[in-house]
Amino acid sequence: NQALTAIHFPNNQKAAQKARQRFAFEELFFLQLATLERKKGWQKHKLAFKFNLDQEKILEFTASLPFKLTQAQKRVLKEIFTDLKKNKPMNRLLEGDVGSGKTIVAAAAIYLAYLNNNQSALMAPTEILANQHYRTLNQILSPLGVKIALLTSSKKKLSVDFDCLVGTHALIYKRAKFKKLGLVIVDEQQRFGVEQRGQLIKKGKAPHILTMTATPIPRTIALTLYGDLDLSIIDEMPPGRQRTKTWVVPPQKRAAAYQWIREQIKGKKDQAFIVCPLIEESQYETMQSIKAATSEKERLAKEVFPDLKLGLLHGRLKSKEKNKVLDKFRQGKIDILISTPVVEVGIDIPATTIMVIEAAEHFGLAQLHQLRGRVGRSGQQAYCLLFNQSSSQKSLQKTKGFRINYGWFRIS
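Residues numbered from 1 in each chain as written. Predicted model: local features only at pLDDT ≥ 70, side-chain atom pairs only at ≥ 80, totals over all residues. Heavy atoms only, no water.

**Student:** Lay out the packing of aromatic side chains in plain terms, naming residues and giving numbers.
**Tutor:** According to the stated counting rule, one finds eleven aromatic pairs in the structure shown. Summarising the aromatic geometry, the rings of Phe 162 and Phe 178 are spaced 5.7 Å apart at their centres and angled 85° between planes, so their arrangement reads as edge-to-face. In this pair, Phe 162 sits in the loop between β3 (148-151) and β4 (164-167) while Phe 178 sits in the loop between β4 and β5 (181-187), placing the two residues 16 residues apart along the sequence. Accessibility assignment for this pair places Phe 162 and Phe 178 in one class, buried. Consider the rings of Phe 273 and Phe 329, whose centres lie 5.2 Å apart with planes at 65°: the pair is edge-to-face. Here the residue Phe 273 occupies a position in strand β9 (residues 271-275), and Phe 329 occupies one in helix α11 (residues 319-330), the gap between them amounting to 56 residues. An aromatic cluster is defined as three or more aromatic residues linked by ring pairs; in this entry it consists of Phe 25, Phe 29 and Phe 30. The lysine or arginine in question, Arg 22, covers the ring of Phe 23, its NZ or CZ lying 5.4 Å from the ring centre. (Phe/Tyr/Trp six-rings, centres within 6.5 Å; stacked < 30°, edge-to-face > 60°. Helix = DSSP H or I, 4+ residues; strand = E, 2+ residues; numbered from the N terminus. Buried < 20%, exposed > 50% of the residue type's maximum accessible area, 1.4 Å probe, protein only. Lys NZ or Arg CZ within 6 Å of the ring centre and 35° of its normal.)

In structure tokens form, the structure reads like this:
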């Protein structure tokens, strides 16, 4: 009662600060209690299916990959396989930067589940990301006999015979049925609520759980917020990857930046993303200056890049239209893809080396990090251009906190 009174009606600054500390402690204390309660509850689960590690088959799997695993990936796989061999279900968080190779780690876990005659489920927050995972897993695991199926809101027919079911939130509903679910993988776990993850887990009898995130979380915060989970970190990028050069572009340098983009595309056959915060221009006066993807595509096609092929991608497009646009972009039939943040996760097009983010000050740091991760996924040098519409010192300070190479855009 003292603290409650002091935080609303403090006698002095010191009393207000003490009250604030008191409530901050309480918040953290109950957060930790809830975490410990979840961990205790999870440890009571009896494992339905114990996994045996077939070392020879796993070595064959890694040898079949078109690249070598990094030491970080090998370390993380060892941690996951150790969990899968135990008598209690795994509950592990895998954290790794965008493009660090989390999907391959997930694929290895799915393959081990398959070798133990167990099914796997991989849930992703968007249809684009689910499709990306479906293609990748098919490419890697189908030659080894693993049957991969896809279930999203637009793909309603589901094969009964599958070893791994990849999908969106559709996985938590009735039509997603499993015979022997032994492994649940949730990608971009911060996009799902506890209830949603729980509903998917209930599809099996105490399955192993692997949650993945590319959002940078300092280890201390991760242990505080996710204390009920074991933590694995991929802290190494695949060899040959270069850091994406990042610049803030002020309004007066916009024309020069456009010219540089044209030269990169024409001369080096590069491709570019231009991401806008909105689909269409806002009716609200305070938001009218913010770039919208549809109008920006028309403007760029007419005034800036009439000699280049431009495409448009946003969330209101039907699934078939989205896939058609992305396929054209992959095939190099589109030079610049103007999009909303729908490309934030699930887009893996190695040929794309330029990311332009319009009104960068309107995005969160985690979003900016994810968007920048769409480029630089090959050995080529990649670039991220942050177009700031606001000249306020506060917004510039925020963008500075994100950059790797901070400086005004220059033409060499």
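Past the structure itself, the notes keep going.
**Student:** Summarise the nonpolar core; cite the residues concerned and give the values.
**Tutor:** Across soluble globular proteins, nonpolar side chains have a tendency to be buried as a group. Formed by 41 residues in total, the largest nonpolar core has its most connected members in Phe 61, Ile 80, Ile 110, Leu 137, Leu 141, Val 166 and Ile 185. Counting residues per element, the ones that place at least two in this core are α3 (55-64), α4 (71-84), α5 (102-115), α6 (127-141), β3, β4, β5 and β6 (208-213). For this core, the element with the most residues is α5, which contributes ten residues. Apart from the residues within four sequence positions on either side, Ile 110 is in contact with Ser 120, Leu 122, Leu 137, Leu 141, Cys 164, Leu 183 and Ile 185. Formed by 25 residues, the second largest nonpolar core is a distinct cluster that contains Ile 334, Val 343, Ile 357 and Phe 363. (Core = buried A, V, L, I, M, F, W, Y, C linked by side-chain atoms within 4.5 Å. Contact = heavy atoms within 4.5 Å.)

**Student:** Give me the lowdown on a nonpolar patch on the surface, citing residues and values where you can.
**Tutor:** A surface patch of nonpolar side chains, about 430 Å² in accessible area, is lined by Phe 25, Phe 29, Phe 30 and Leu 33. Mapped onto the fold, Leu 33 is located in helix α2 (residues 13-43). Here Leu 33 falls in the partly exposed class, since its relative accessible area comes to 40%. (Patch = residues over 30% accessible without salt bridge, like charges linked within 9 Å, V, L, I, M, F, W, Y side chains within 5 Å. Areas by Shrake-Rupley, 256 points an atom, 1.4 Å probe, with all protein chains shown as cover. Salt bridge = Lys/Arg side-chain N within 4 Å of Asp/Glu carboxyl O.)

**Student:** Which residues make up the pairing of β5, and what values go with them?
**Tutor:** Across the seven residues that make up β5, a large majority, seven, are buried. Here strand β2 (residues 119-123) runs beside β5; their pairing, made up of five bridges, is parallel. Each residue of the ladder has a partner; that of Leu 122, found in β5, is Ile 185. Across five bridges, β5 lies against β6 in parallel orientation. Looking at β6, one finds that Val 184 is bridged to Ile 209. (Pairing = 2+ DSSP bridges.)

**Student:** Outline the pairing of β6, supporting the account with residue identities and numerical values.
**Tutor:** Counting buried positions along β6 gives six out of six residues, so the element sits mostly inside the fold. Where burial is concerned, the two faces of β6 agree: the one with His 208, Leu 210 and Met 212 and the one with Ile 209, Thr 211 and Thr 213 are both buried.

**Student:** Pulling in residues and values, what's your account of the sheet that holds strand β12 (residues 352-358)?
**Tutor:** Across the sheet, six strands lie side by side as β8-β13-β12-β9-β11-β10; this open sheet has parallel pairing. Strand pairing shows two members of the sheet lacking a second neighbour, β8 (245-249) and β10 (310-313), which therefore form its edges. Recorded for the sheet is a direction-independent mean angle of 20° between the axes of neighbouring strands. As paired elements, β12 and strand β13 (residues 383-387) share five bridges and run parallel to each other. Looking across to β13, one finds that Val 356 is bridged to Leu 385. (Axes fitted to C-alpha atoms, helices over the stretch in contact; angles between N-to-C directions.)

**Student:** An account of the packing of α3 against α5 is requested, with residue identities and associated values reported.
**Tutor:** At their nearest, the axes of α3 and α5 sit 11 Å apart, and the two run at 145° to each other. Judged by the sense of rotation from one axis to the other, the crossing of α3 with α5 is right-handed. Between α3 and α5, the contacting residues are Lys 57, Ile 58 and Phe 61 on the first element and Ile 104, Ala 107, Ala 108, Tyr 111, Leu 112 and Leu 115 on the second. Counted by class, the contact of α3 with α5 contains eight nonpolar, no polar and one charged residues. (Left-handed = near helix turned anticlockwise from the far one by under 90°. Nonpolar A, V, L, I, M, F, W, Y, C, P; charged D, E, K, R; others polar.)

**Student:** Could you give an account of the packing of α4 against α5, naming the residues involved and the relevant values?
**Tutor:** Packing of α4 against α5 leaves a shortest axis separation of 10 Å and a crossing angle of 30°. Here α5 runs roughly parallel to α4, going by the angle between their axes. Pair α4 / α5 crosses with right-handed handedness. Taken together, the residues of α5 that come into contact with α4 (itself represented by Gln 73, Val 76, Leu 77, Ile 80, Phe 81 and Leu 84) are Ile 104, Val 105, Ala 108, Ala 109 and Leu 112. (Parallel < 35°, antiparallel > 145°, perpendicular 65-115°, else oblique.)

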